[in-house]
Amino acid sequence: MTKLLAVLALVAAAFLRAAGQVAGEGAGGPLPFAVGAAPEGCDVGQGEWVRDEAARPWYQDWECPYIQPQLTCQAHGRPDKGYQNWRWQPRGCSLPSFNATMMLEMLRGKRMLFVGDSLNRGQYVSLLCLLHRAIPDSGKSFETVESLSIFRAKDYDATIEFYWAPMLAESNSDDAVVHRVDDRVIRGAPMDRHSRFWQGAHILVFNSYLWWTAADNIQILRGADNDMSKDIVEMKAAEAYRLVLHQVVRWLERNADPKNSRAFFVTASPTHTDSKAWGDEVEGGNCYNQTEPIRDASYWGSTSREMLRVTEEVLATSRVPVGVVNITQLSEYRRDAHTQTYKKQWAEPTAEQRADPSSYADCTHWCLPGVPDAWNELLYWKLFFPSNDQAL
C-alpha cells in the first residue's frame with residue numbers, strides 16, 4: 001500500500017507539471033520540489049483556526065519517540081486535550097493535506113536541514129512525528145552528536161537534520177545543552193563554524209528571533225579571534241540581527257544552487273506571558289490554564305514588529321529565492337497551546353512556585369502534538385505548492 005501511494009503521488013506530480021501548474025513555470029522554470037501551485041492570491045499565513053476533532057491531532061505524544069520531555073504535555077499531566085484539535089485553515093485557499101509518503105518520495109536522496117533555536121527544534125521534531133509512521137522501524141534511525149541531530153529514512157536515502165545555532169552566527173550560547181548565559185556575545189563574521197554544517201543541504205529551514213529579544217542591546221565580537229572576550233562592541237539588537245541575517249543571505253548567494261535546492265526562513269514564534277494583552281484582568285496572568293485560542297482576528301501580542309521588518313527587508317535583498325514561512329500571526333492566537341507547567345522542568349519548582357503555577361509556566365514553547373504541526377503544514381505548502389511569485 002505504501003508503494004502504491006508513492007506511485008500515485010508521483011503520477012499526480014507529473015500530471016500537475018504537464019498541466020503547467022508548477023510555481024515559476026516559464027521564464028525561470030519550476031522551483032525545485034514544486035509539484036503544484038497555490039491558488040493566486042493565497043496567503044497561507046492568513047486564516048483561522050478551525051476545530052477538527054476528526055483530523056487533529058495527527059499523532060499522540062506517546063507514539064513519537066523523538067519528542068523531548070520538555071514538550072510532552074500529556075505525559076506530564078496536562079488535564080485538557082482540546083489544544084490538539086485545531087486545524088489551521090488559510091483564508092481563500094484550498095491546498096492538499098499533508099502527505100507523509102509524498103514528502104518522503106520527494107526527499108529521496110536528499111538532505112533537509114533545520115537551523116536555529118529550540119522553537120525550530122520543536123518544528124523539526126514535529127516533522128519527524130508527522131513522517132515516521134510512514135517508515136518501518138527497520139528503515140529509520142536517529143542520532144544526536146553535539147549540535148547536530150540526524151534522522152535517517154534509510155529506504156529513501158534521505159536525512160532530515162537539525163543543527164543548533166540559536167542566533168545563526170557563532171555565539172557563546174552555541175552549546176546545544178548548556179547555553180543559558182546572562183550576557184550573550186555573537187561573532188559578526190565569519191560564520192564558518194556553523195555554515196560548514198549547512199553545506200550540501202537540499203532544503204534549509206532557518207529561524208532566529210527569541211534569543212535576540214532578551215535585551216535592547218547585544219555584544220558583538222569583531223574579527224576571527226577565538227577568544228570570545230576580545231574586541232567587543234555593543235549594538236542595538238535589531239541592527240545586530242540585521243547584520244547576521246545579511247551574513248546568512250550572503251552565504252546562501254555563494255553556496256546555494258537555486259536549481260536544485262530551496263531555502264526558507266520561519267518567522268517569529270510569539271509568547272503569551274501577559275494575559276492583559278488579550279483582555280484578561282487577572283494580575284500576573286499568562287498562558288497558564290488557557291484552553292481556547294484567541295478569537296480576535298486583529299490580535300497582536302508582544303512580538304517585535306521591528307524585528308519582523310528587519311527580516312523582511314534583509315531577505316528581500318537576496319539574489320536567490322528565500323521562502324518566508326510566516327507562522328507569527330496564526331501562532332499569536334494560540335495562547336492555549338504552550339507547555340505551561342506540563343513538561344520536564346530544568347529545576348524542581350519551589351513550594352512558592354507550586355502554590356502559584358503561573359509563576360513558572362512556560363509560555364514560549366509549544367506542546368506536541370500542537371501548533372508546530374501547523375507550521376510544518378505551511379512549510380509543506382510552501383515547498384511543494386508555492387505561489388506563482390515564488391513566495392518570497
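You'll find the structure just up there.
Residues numbered from 1 in each chain as written. Predicted model: local features only at pLDDT ≥ 70, side-chain atom pairs only at ≥ 80, totals over all residues. Heavy atoms only, no water.

**Concerning the side chain of Thr271**
- The residue Thr271 is located in the loop between β11 (262-266) and α6 (305-315) in this model.
- By relative accessible area, which is 17% here, Thr271 ends up buried.
- Non-local contacts of Thr271, meaning those with residues more than four positions away in its chain, are made with Leu210, Ser302, His338, Cys363 and Thr364. (Helix = DSSP H or I, 4+ residues; strand = E, 2+ residues; numbered from the N terminus. Buried < 20%, exposed > 50% of the residue type's maximum accessible area, 1.4 Å probe, protein only. Contact = heavy atoms within 4.5 Å.)

**Quick look at the packing of helix α5 (residues 237-255) against α6**
- At their nearest, the axes of α5 and α6 sit 10 Å apart, and the two run at 25 degrees to each other. As far as their axial angle goes, α6 and α5 are roughly parallel. Taken as a pair, α5 and α6 cross one another with a handedness that is right-handed. The segment α5 lies against α6, with Ala238, Tyr241, Arg242, Leu245, His246 and Val249 engaging Glu306, Met307, Val310, Thr311, Glu313, Val314 and Leu315.
- Class assignment for the residues of the contact of α5 with α6 results in eight nonpolar, two polar and three charged. (Axes fitted to C-alpha atoms, helices over the stretch in contact; angles between N-to-C directions. Parallel < 35°, antiparallel > 145°, perpendicular 65-115°, else oblique. Left-handed = near helix turned anticlockwise from the far one by under 90°. Nonpolar A, V, L, I, M, F, W, Y, C, P; charged D, E, K, R; others polar.)

**Considerations on the sheet that holds strand β3 (residues 111-116)**
- Taken in spatial order, the seven strands line up as β4-β5-β6-β3-β8-β11-β12 in an open sheet, and their pairing is mixed. One side of each edge strand has no neighbouring strand; the edge strands of this open sheet are β4 (140-145) and β12 (322-325). Averaged over neighbouring strand pairs, the angle between their axes works out to 15 degrees when direction is ignored.
- One ladder, built from four bridges, connects β11 with β12; its direction is parallel. (Pairing = 2+ DSSP bridges.)

**Description of the state of the cysteines**
- Considering all chains together, one arrives at four disulfides under this definition.
- In this model, Cys42 is linked to Cys93 through a disulfide, with the two sulfur atoms separated by 1.9 Å. Its S-S torsion of approximately 120 degrees makes the covalent link between Cys42 and Cys93 right-handed. Of this pair, Cys42 sits in the loop between α1 (2-18) and β1 (47-51) while Cys93 sits in the loop between β2 (86-90) and α2 (100-106), placing them 51 residues apart in sequence. The pair formed by Cys42 and Cys93 is uniform in burial state, with each residue classed as buried.
- Two residues share a disulfide in this structure: Cys73 and Cys367, whose sulfurs sit 2.0 Å from each other. A torsion of -95 degrees about the S-S bond marks the disulfide between Cys73 and Cys367 as left-handed. Of this pair, Cys73 sits in the loop between β1 and β2 while Cys367 sits in the loop between β14 (362-366) and α9 (371-384), placing them 294 residues apart in sequence.
- Judged by relative accessible area, Cys367 falls into the buried class, the value being 0%.
- Sequence-ordered numbering of the disulfide-bonded cysteines in the chain gives the connectivity 1-4, 2-5, 3-8, 6-7. (Disulfide = S-S within 2.5 Å.)

**Let's talk about the packing of aromatic side chains**
- Applying the stated criterion across every chain, the model contains 16 aromatic pairs.
- Each ring, one from Trp164 and one from Trp211, has its centre 5.7 Å from the other, and the planes form 80 degrees; the classification is edge-to-face. Linking Trp164 in strand β6 (residues 158-164) with Trp211 in the loop between β8 (203-207) and β9 (217-221), this pair joins segments that are 47 residues apart in sequence. You'll find Trp164 and Trp211 in the same group, each marked buried. (Phe/Tyr/Trp six-rings, centres within 6.5 Å; stacked < 30°, edge-to-face > 60°.)

**Looking at the sheet that holds strand β10 (residues 232-236)**
- Taken in spatial order, the three strands line up as β7-β9-β10 in an open sheet, and their pairing is mixed. Each having just a single partner strand, β7 (185-187) and β10 make up the two edges of the open sheet. Between one strand and the next, the sheet's axes are offset by a mean angle of 40 degrees, whatever the strand orientation.
- Summarising the sheet, β7 and β9 pair through three bridges and their orientation is parallel.

Worth remembering: the numbers are spatial, not functional.
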